[in-house]
Amino acid sequence: MRASDADRDACAERLATALSEGRLDLDEYERRLDEAMGAVVVGQLRALTADLPEPPPPAERDDSEPVPVGSSRSSLVSPWKDWVDEWRWWLGGAVIMSGIWGVTSIMGGDLLPYWPLVPLGIWAAILVAAAIWPDENSGSRR
């Protein structure tokens, strides 16, 4: 049977797990990963992982185990993550605009009116409004 992209991705995840567990060294992992990405049939993928133990079913995983990169364990994702990320963007914008204001004030020899207050205030108001009245269609968790 011909291998699909999902089959190749599953094989790559299994190889990455084996690398993180110390079952493969980096050279062996890279060699097998290259072969997996070029595999045409499922049998080629099975041969690459035949000597590796089967991963435990998700129900048997211990919660103290680290979550593999790229996995989706939704209980670890905070419902406020997107909102906090938006505030980080706001803070970055505040730093950049304040820097521009500071440089132009120094170059002009006088303190100019603090113009970043207007765009930052509007942006902050939108973020607060999004927390108070979340968009029902976007599946927002705020």
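This text goes with the structure placed above it.
Residues numbered from 1 in each chain as written. Predicted model: local features only at pLDDT ≥ 70, side-chain atom pairs only at ≥ 80, totals over all residues. Heavy atoms only, no water.

Draft legend 1. Seen up close, the layout of surface pockets. Put simply, the second largest pocket is a space of about 150 Å³. The set of elements that each furnish at least two residues to the lining of the second largest pocket consists of helix 1 (5-20) and helix 3 (42-49). Considering only residue class, the lining of the second largest pocket consists of five nonpolar, one polar and four charged. (1 Å grid on protein atoms, 1.4 Å probe; cavity = no way out; pocket = protein on both sides within 12 Å on 5 of 7 lines; lining within 4 Å. Points joined across faces, edges and corners; volume = space filled by probe spheres on them. Helix = DSSP H or I, 4+ residues; strand = E, 2+ residues; numbered from the N terminus. Nonpolar A, V, L, I, M, F, W, Y, C, P; charged D, E, K, R; others polar.)

Draft legend 2. How the structure looks around the environment of Glu54. If you trace the backbone, Glu54 turns up in the loop between helix 3 and helix 4 (81-108). Classification of Glu54 by relative accessible area gives exposed; the value is 64%. Separated by 3.4 Å, the side chains of Glu54 and Arg14 make a polar contact. (Buried < 20%, exposed > 50% of the residue type's maximum accessible area, 1.4 Å probe, protein only. Polar contact = N/O pair within 3.5 Å; in protein donor to acceptor, adjacent residues only side chain to side chain.)

Draft legend 3. Looking closely at the pattern of salt bridges. Tallied over the entire structure, the rule returns eight salt bridges. A salt bridge links Glu28 to Arg31, with the shortest nitrogen-to-oxygen separation between them at 2.7 Å. Taken as a pair, Glu28 and Arg31 lie in helix 2 (residues 26-37) at a separation of three residues, close to a single helical turn. Relative accessible area serves as the criterion here: at 22%, Glu28 is assigned to the partly exposed category. Relative accessible area serves as the criterion here: at 39%, Arg31 is assigned to the partly exposed category. The salt bridge partner of Asp51 is Arg32, with a shortest N-O separation of 2.9 Å. In this pair, Asp51 is assigned in the loop between helix 3 and helix 4 and Arg32 in helix 2, connecting sequence segments 19 residues apart. (Salt bridge = Lys/Arg side-chain N within 4 Å of Asp/Glu carboxyl O.)

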